[in-house]
Amino acid sequence: MASLEQSRQLVTEIPGPLSLELNKRRASAVSHGVGISLPVFVARAGGGIVEDVDGNRLIDLGSGIAVTTIGNSAPRVVDAVREQVAEFTHTCFMVTPYESYIAVAEELNRITPGSGEKRSVLFNPGAEAVENSIKIARSYPRKPAVAAFDHAYHGRTNMTMALTAKSMPYKSGFGPFAPEIYRAPMSYPYRDGLLDKELATDGELAAARAIGVLEKQIGAANLAAVIIEPIQGEGGFIVPAEGFLPALVDWCHKNDVVFIADEVQSGFARTGAMFACEHEGPNGLEPDLICTAKGIAGGLPLSAVTGRAEIMDAPHVSGLGGTFGGNPVACAAALASIETIESDGLIERAQHIERLIFDVLLRMQAGDDRIGDVRGRGAMIAVELVKSGTSDPDAELTNKLVTAAGAAGIIVLTCGMFGNVIRLLPPLTISDELLIEGLEVLRLLLADL
């Protein structure tokens, strides 16, 4: 494939005539339960650009929701996938196994936080990894209850909907949900600070609030696991106050509760570390179990649970698995993705992108009181929009900005319980020039609104 020119170009209105035609076909063929953020149909993508069927080139600040972290159709991934497809596409690891599954498990055991002996198991989407992490955790201490947090997002299966906090569009009308799921208060520095400045900055105090709920409403003797995103994704890219996560881990370890880190969105160099847990405390967090997906395989469906060997080995033989889990083509892509991150310095690249985005957004915030908060790490940065002169969430402004951005050729996503957060997830292969241009377009559009 010829290399894709790395420049924004609009040759039609967005969406263009060919995209509009495909959208008609979609409406008559695809379930209306599947939503579309921006109805442009993709022809090619790479670097920091998505090209649609009408020839428009859009700046990609979404990475397919943090999946194409190493860029779309990354060369090592393309080569590895071509080679594997020519050998075999599937045998099912549980029937006749193959080496690449083991190699991916070995790599995950190597790169995930924690120095002790580890094991991994492979699945398909992130929700499947999360669901299986709960199965594994429950089979270890033989306790029933699981605690998640306010603003959490963990997936769309029955179990993971129960863990997810937001009703619309994820849960509404789909119950009843899995039982024995409880919720504790999250550390949300911006919103906490509107009520209690100390709570906003003191993570240990915020953890004490959460632990109080866990002890009083569930009881440690009944609690199998606590699951949390080290940086919440769909909930609004919330980075908890310093000390919050280490205090939770400490409490879990003292009370025989499995601590699960859901790094589906924040993993694989996205935050300027291989995993977001590494930012927490002087030596980083060591979760008992860690769930990964999204950026794991350069765009192919793959997910994993990795963790302490004695916990991972607790389920009975054949208690874990699935027909497509650890598909050989996806495994080849994962090995190539990890090699790309490490060989191409993409962790450092994410740190550079963080500095660049914060430089622009903090200057914007200084001149616009509708930007309530700017937060995040690496190439996982959010802007929380509020009504001028207040801290009231402004979902209407957020939607108008995203719509205007799409029309201008900039792909951005929203998130947050109140629908008022713009999330920036550029591929780490985006050029500085494209990233700055995309941010400048957002700045001008926000000023116009």
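As a reminder, the structure under discussion sits directly above these lines.
Residues numbered from 1 in each chain as written. Predicted model: local features only at pLDDT ≥ 70, side-chain atom pairs only at ≥ 80, totals over all residues. Heavy atoms only, no water.

Draft legend 1. Representation of the packing of aromatic side chains in the model. According to the stated counting rule, one finds 6 aromatic pairs in the structure shown. Positioned above the aromatic ring of Phe177 is the side chain of Lys171, whose terminal nitrogen or guanidinium carbon lies 5.4 Å from the ring centre. (Phe/Tyr/Trp six-rings, centres within 6.5 Å; stacked < 30°, edge-to-face > 60°. Lys NZ or Arg CZ within 6 Å of the ring centre and 35° of its normal.)

Draft legend 2. Quick look at the packing of helix α9 (residues 203-218) against helix α10 (residues 244-254). Where α9 contacts α10, the two axes come as close as 7 Å, and the packing angle between them is 40°. Between α9 and α10 lies a crossing whose hand is right-handed. Judged by residue contacts, Gly203, Glu204, Ala206, Ala207, Ala210, Ile211, Leu214 and Glu215 of α9 engage Phe244, Ala247, Leu248 and Trp251 from α10. Residue composition of the contact of α9 with α10, grouped by class: 9 nonpolar, 1 polar and 2 charged. (Axes fitted to C-alpha atoms, helices over the stretch in contact; angles between N-to-C directions. Helix = DSSP H or I, 4+ residues; strand = E, 2+ residues; numbered from the N terminus. Left-handed = near helix turned anticlockwise from the far one by under 90°. Contact = heavy atoms within 4.5 Å. Nonpolar A, V, L, I, M, F, W, Y, C, P; charged D, E, K, R; others polar.)

Draft legend 3. Here's a closer look at the environment of Gly203. Tracing the backbone through its elements, the reader meets Gly203 in helix α9. For Gly203, a relative accessible area of 1% translates into the label buried. Between the C-alpha atoms of Gly203 and Glu242, which are 39 residues apart in sequence, the distance is 5.0 Å. Excluding residues that lie within four positions of it along the chain, Gly203 makes contacts with Ala241, Glu242, Gly243 and Phe244. (Buried < 20%, exposed > 50% of the residue type's maximum accessible area, 1.4 Å probe, protein only.)

Draft legend 4. Inspection of the state of the cysteines at higher detail. Taken as a whole, this structure holds 0 disulfides when the rule is applied. Here Cys92 is not disulfide-linked; the sulfur of Cys331 is the nearest cysteine sulfur, at 12 Å. Judged by its relative accessible area of 7%, Cys92 is buried. (Disulfide = S-S within 2.5 Å.)

Draft legend 5. Region of interest: the sheet that holds strand β12 (residues 380-385). Pairing within the open sheet is antiparallel, and its 4 strands lie in the order β11-β12-β15-β14. Edge positions in the sheet fall to β11 (371-377) and β14 (413-415), since each has one partner strand and no second. For this sheet the average axis-to-axis angle between neighbouring strands, irrespective of direction, equals 30°. Sitting on the sheet, helix α13 (residues 346-366) is in contact with β11, β12 and β15 (421-424), with an inclination near 170° to β11. (Pairing = 2+ DSSP bridges.)

Draft legend 6. Spatial organisation of α13. Helix length check: α13, at 21 residues, gives a terminal C-alpha distance of 30 Å against a target of 30 Å (1.5 Å per residue), a fit within 8%. On its buried face, α13 sits against α12 (328-343), β11, β12, β15 and α15 (432-448). (Expected span 1.5 Å × (residues − 1).)

Draft legend 7. Layout of the layout of surface pockets. Taken as a whole, the second largest pocket holds about 480 Å³ of empty space. Here the lining of the second largest pocket takes 4 residues from strand β4 (residues 118-123), the largest share from any one element. Taken together, the residues of the lining of the second largest pocket sort by class into 11 nonpolar, 7 polar and 2 charged. (1 Å grid on protein atoms, 1.4 Å probe; cavity = no way out; pocket = protein on both sides within 12 Å on 5 of 7 lines; lining within 4 Å. Points joined across faces, edges and corners; volume = space filled by probe spheres on them.)

Draft legend 8. Geometry of empty space enclosed by the protein. Within this structure, the stated rule accounts for 3 cavities of 30 Å³ or more. When its volume is computed, the largest cavity comes out at roughly 80 Å³. As for the largest cavity, its lining consists of Leu361, Met364, Ile371, Val383, Leu385, Leu401, Ile422, Leu439, Leu442 and Leu446. Looking at the lining of the largest cavity, the elements with two or more residues in it are α13, β12 and α15. In terms of residue count, the dominant contributor to the lining of the largest cavity is α15 (3 residues). In the lining of the largest cavity, the residues fall into 10 nonpolar, no polar and no charged.

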